[in-house]
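# An overview of the molecular structure
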Amino acid sequence: MTSARKIKPLVAGNWKMNGVKAALGEAHKVREALAGGSTRPSAVDVMLCPPATLISPLAQGAAGGSLLIGGQDCHVKASGAHTGDISAEMLADAGASAVIVGHSERRMDHGEMDRDVRAKAEAAHRAGLTAIICVGETAGERAIGLTLTVIGRQLAGSVPKGATAANTVIAYEPVWAIGTGLTPTAADVAEVHQFMRQTLGKQLGETAGTMRLLYGGSVKASNAKELMAVANVDGALVGGASLKADDFCGILAAYVD
Ligand code: 13P
């Protein structure tokens with residue numbers, strides 16, 4: 001299955017606001033699993049996005065291996081008087097190669113709008129980071145049939161003109177599926193991902209054909225194989241199940257033939 005893919009999948013773990021130094025042990029176990037070859041690191045890119053406090057030690061520990069490191073958010077500016085914020089340049093300096101922007105928890109907790117998300121994605125590109133741009137509808141929007149309308153609006157507003165398959169990943173995360181144990185059906189995911197591929201094609205041209213489109217929301221070892229097999233699903237953005245190496249590696253196993 002994996003050898004036929006034209007897009008190398010990415011499985012990224014978003015630790016959210018979880019993990020102190022002791023959690024580095026879990027990252028170490030993931031690294032060992034990748035080095036051991038049991039999850040075929042050549043067939044899938046694997047990333048962990050820890051809290052900012054752990055990026056540097058994680059990156060140092062991961063040096064020389066295949067585990068990628070990402071941040072969870074960045075400021076739009078490179079530096080300045082913005083107490084408490086972290087720039088994309090700082091994430092890159094700490095050892096990150098990517099940053100999640102526009103996660104629904106940022107959109108809700110911090111009132112981030114599509115234009116803010118786009119500016120953050122542009123900041124990520126400026127710093128040489130891959131922007132992992134999140135989109136997704138709420139339960140209420142879904143209930144009244146607005147899923148594709150919302151996703152279309154978020155893609156139009158959040159994805160910068162300069163986005164390419166090399167510098168941008170899109171993550172479809174239905175808000176109602178995050179941390180709830182609920183997931184859309186494979187058919188629903190297929191519909192949204194096909195829509196995203198087409199919409200991005202109109203927005204960005206040919207590069208959209210090979211842009212990685214991740215699914216996120218209650219992905220776990222038991223459902224990963226089915227979800228990852230859906231057309232136009234090029235990997236996963238994983239929350240809760242990325243905190244324990246065994247759970248996370250169980251998801252990576254979806255990509256082992
Ligand atoms: P869960 O996998 O815990 O549902 O979280 C998904 C998510 O928000 C990843 O960014």
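A brief structural summary. All values reported here derive from a predicted model rather than from experimental measurement. Here the residue numbers are simple positions, counted from 1 along each chain's written sequence. Predicted model: local features are reported for residues with pLDDT of at least 70 only, side-chain atom pairs are reported and counted for 80 or more only, and whole-chain, interface and lining totals are derived from all residues. Side-chain measures were taken over the full set of non-hydrogen atoms in the model, leaving aside hydrogen atoms and water.

### A look at the site of the ligand
Keep this limit in mind: For this purpose, a residue is taken to be near a molecule or strand whenever a single non-hydrogen atom of the residue falls within 4 Å of it. Under the rule applied, a polar contact is a pair of N or O atoms within 3.5 Å (in protein, one hydrogen donor and one hydrogen acceptor; residues adjacent in sequence only if both atoms are side-chain atoms). The classification used treats Ala, Val, Leu, Ile, Met, Phe, Trp, Tyr, Cys and Pro as nonpolar, Asp, Glu, Lys and Arg as charged, and all other residues, Gly among them, as polar.
Looking at the ligand, there are 13 residues lining it, with Lys 16, His 103, Gly 179, Ser 218 and Gly 240 nearest. Within the side chain of Asn 14, an N or O atom sits 3.0 Å from an oxygen atom of the ligand. Backbone polar atom of Ser 218 to an oxygen atom of the ligand: 2.7 Å apart, as the coordinates give it. Per-class residue counts for the shell around the ligand are four nonpolar, seven polar and two charged.

### Brief notes about unusual backbone geometry
Keep this limit in mind: In DSSP terms, a helix is any run of H or I states spanning at least four residues, a strand is any run of E spanning at least two, and both are numbered starting from the N terminus. For every residue, the accessible area obtained with a 1.4 Å probe (protein chains only) is divided by the maximum for its type, and the residue is called buried under 20%, exposed over 50%, and partly exposed between those limits.
Positioned with a positive phi, Ser 218 is a non-glycine residue whose angle comes to about 60°. In this fold, Ser 218 is placed in the loop between strand 7 (212-216) and helix 9 (221-228). We classify Ser 218 as buried; its relative accessible area is 16%. A positive phi angle, close to 70°, is found at Asn 232, a residue other than glycine. As for its placement among the helices and strands, Asn 232 is situated in the loop between helix 9 and strand 8 (235-238). Exposure remark for Asn 232: the relative accessible area of 26% places this residue in the partly exposed category.

### Focus: the packing of aromatic side chains
Let me state the cut-off plainly: Here is the rule: rings of Phe, Tyr and Trp (six-membered ring for Trp) pair when centre to centre is within 6.5 Å. Planes less than 30 degrees apart are stacked, more than 60 are edge-to-face, and the remainder are tilted.
If you walk through the whole model with that rule in mind, you get one aromatic pair. On the basis of an interplanar angle of 65° and a centroid distance of 6.2 Å, the ring pair of Tyr 172 and Tyr 215 is categorised as edge-to-face. On the criterion of sequence distance, the pair formed by Tyr 172 in strand 6 (residues 168-172) and Tyr 215 in strand 7 is long-range, its members being 43 residues apart. For Tyr 172, a relative accessible area of 0% puts it in the buried group.

### Observations regarding the pattern of salt bridges
Keep this limit in mind: By convention in these notes, a salt bridge is any Lys or Arg side-chain nitrogen within 4 Å of a carboxyl oxygen on Asp or Glu.
All told, the structure shown has 13 salt bridges when counted by the stated rule. Among the ionic contacts, a cluster of salt bridges with common partners joins Asp 73, Arg 106, Glu 112 and Lys 120.

### Structural notes on helix 8 (residues 186-204)
Keep this limit in mind: Multiplying 1.5 Å by the helix residue count minus one yields the expected span of that helix. For this analysis, residues touch if any pair of their heavy atoms sits within 4.5 Å.
The end-to-end C-alpha separation of helix 8 is 26 Å, in line with the 27 Å expected for 19 residues at 1.5 Å each. What helix 8 keeps buried is the set Val 189, Val 192, His 193, Met 196, Arg 197, Thr 199, Leu 200 and Leu 204. Where helix 8 is buried, its residues contact strand 5 (130-135), helix 7 (147-158), strand 6, strand 7 and helix 9. Of the residues trailing helix 8, Gly 205 is marked for its positive phi of about 85°.

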